[in-house]
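The residues making up each chain are set out below.
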Amino acid sequence: QVQLVESGGGLVQPGGSLRLSCAASGSGFSINAMGWYRQAPGNERELVADITSGVSTNYAESVKGRFTISRDNAKNTVYLQMNSLKPEETAVYYCRMVLVTSILYPPRAYWGQGTQVTVSS
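Residues numbered from 1 in each chain as written. Predicted model: local features only at pLDDT ≥ 70, side-chain atom pairs only at ≥ 80, totals over all residues. Heavy atoms only, no water.

**As for the overall build of the protein**
The secondary structure content of the protein amounts to 0 helices and 11 strands. Overall, the C-alpha framework of the protein stretches about 50 × 25 × 25 Å when taken along its three principal axes. When burial is assessed residue by residue, the protein has 39% of its 121 residues classed as buried. Partitioning the contacts of the protein with sequence separation of at least 6, the portion at a separation of at least 24 is 55%. (Helix = DSSP H or I, 4+ residues; strand = E, 2+ residues; numbered from the N terminus. Buried < 20%, exposed > 50% of the residue type's maximum accessible area, 1.4 Å probe, protein only. Contact = heavy atoms within 4.5 Å.)

**A short note on the side chain of R71**
Tracing the backbone shows R71 in strand 7 (residues 67-72). Buried and without a salt bridge, R71 has D72 as its closest oppositely charged side chain, separated by 8.3 Å. At 2.8 Å, the side chain of R71 and the backbone oxygen of N32 are in polar contact. Separated by 2.9 Å, the side chain of R71 and the backbone oxygen of T52 make a polar contact. R71 has contacts with I31, N32, A33, M34, I51, T52, S53, V55, T77 and V78, leaving out every residue within four places of it along the chain. (Lys, Arg positive; Asp, Glu negative; His and termini not counted. Salt bridge = Lys/Arg side-chain N within 4 Å of Asp/Glu carboxyl O. Polar contact = N/O pair within 3.5 Å; in protein donor to acceptor, adjacent residues only side chain to side chain.)

**Details of the packing of aromatic side chains**
Per the counting criterion, the structure on display carries 1 aromatic pair. A cation sits over an aromatic face here: R19 above Y79, 4.1 Å from the ring centre. The ring of W111 carries R45 above its face, with NZ or CZ at 4.7 Å from the centroid. (Phe/Tyr/Trp six-rings, centres within 6.5 Å; stacked < 30°, edge-to-face > 60°. Lys NZ or Arg CZ within 6 Å of the ring centre and 35° of its normal.)

**So, the sheet that holds strand 7**
In spatial order, the strands read 1-3-8-7; together these 4 strands make up an open sheet with antiparallel pairing. Of all strands in the sheet, those with a lone pairing partner are strand 1 (3-7) and strand 7, marking the two edges. Each neighbouring strand pair of the sheet contributes to a mean axis angle of 15°, computed without reference to strand direction. The pairing of strand 3 (residues 18-25) with strand 8 (residues 77-82) spans 6 bridges and is antiparallel. Considered in strand 8, the bridge of A23 is made with T77. (Pairing = 2+ DSSP bridges. Axes fitted to C-alpha atoms, helices over the stretch in contact; angles between N-to-C directions.)

**Looking at the state of the cysteines**
Scanning the entire structure with this criterion turns up 1 disulfide. Disulfide partner of C22: C95, at an S-S distance of 1.9 Å. Placement of the pair is C22 in strand 3 and C95 in strand 9 (residues 91-100), with a sequence separation of 73 residues. The class for C22 is buried, based on a relative accessible area of 0%. (Disulfide = S-S within 2.5 Å.)

**Re the environment of R38**
With respect to the secondary-structure elements, R38 resides in strand 4 (residues 30-39). Residues R38 and V2 lie 36 residues apart in sequence; the distance between their C-alpha atoms is 21 Å. Ignoring sequence-local partners within four residues, the contact set of R38 consists of E44, R45, E46, V48, S62, V63, F67, E89, A91, V92 and Y93. For R38, the side chain forms a polar contact with the side chain of E46, separated by 2.7 Å. Of note is the side chain of R38, whose polar atom sits 3.5 Å from the side chain of S62.

Right, dumping it as structure tokens:
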């Protein structure tokens, strides 16, 4: 049973920083892409950043230059360093991983439970 467990959310002042982590627990899988999404109240879930197994990264335009996604394959963990945070970035942040659990089945996406990030003074 694969589970994604997120941590690092919280309350931060505008201009502040947070680092989110998401670790995949379980065994018998390999991880392809990893990513972070966010969803604010009344809005659709949107991509923040993702990173492939080859460490190629992709960012939403609004976070380029401020957010950095990285991965530690040995720990099955993806990180999101968020700097210069803005109030409009208040949302629930979700991690997503595409895992291969068997050669018999295609890769499947797994989601974390979400972690709240609130940017407010």
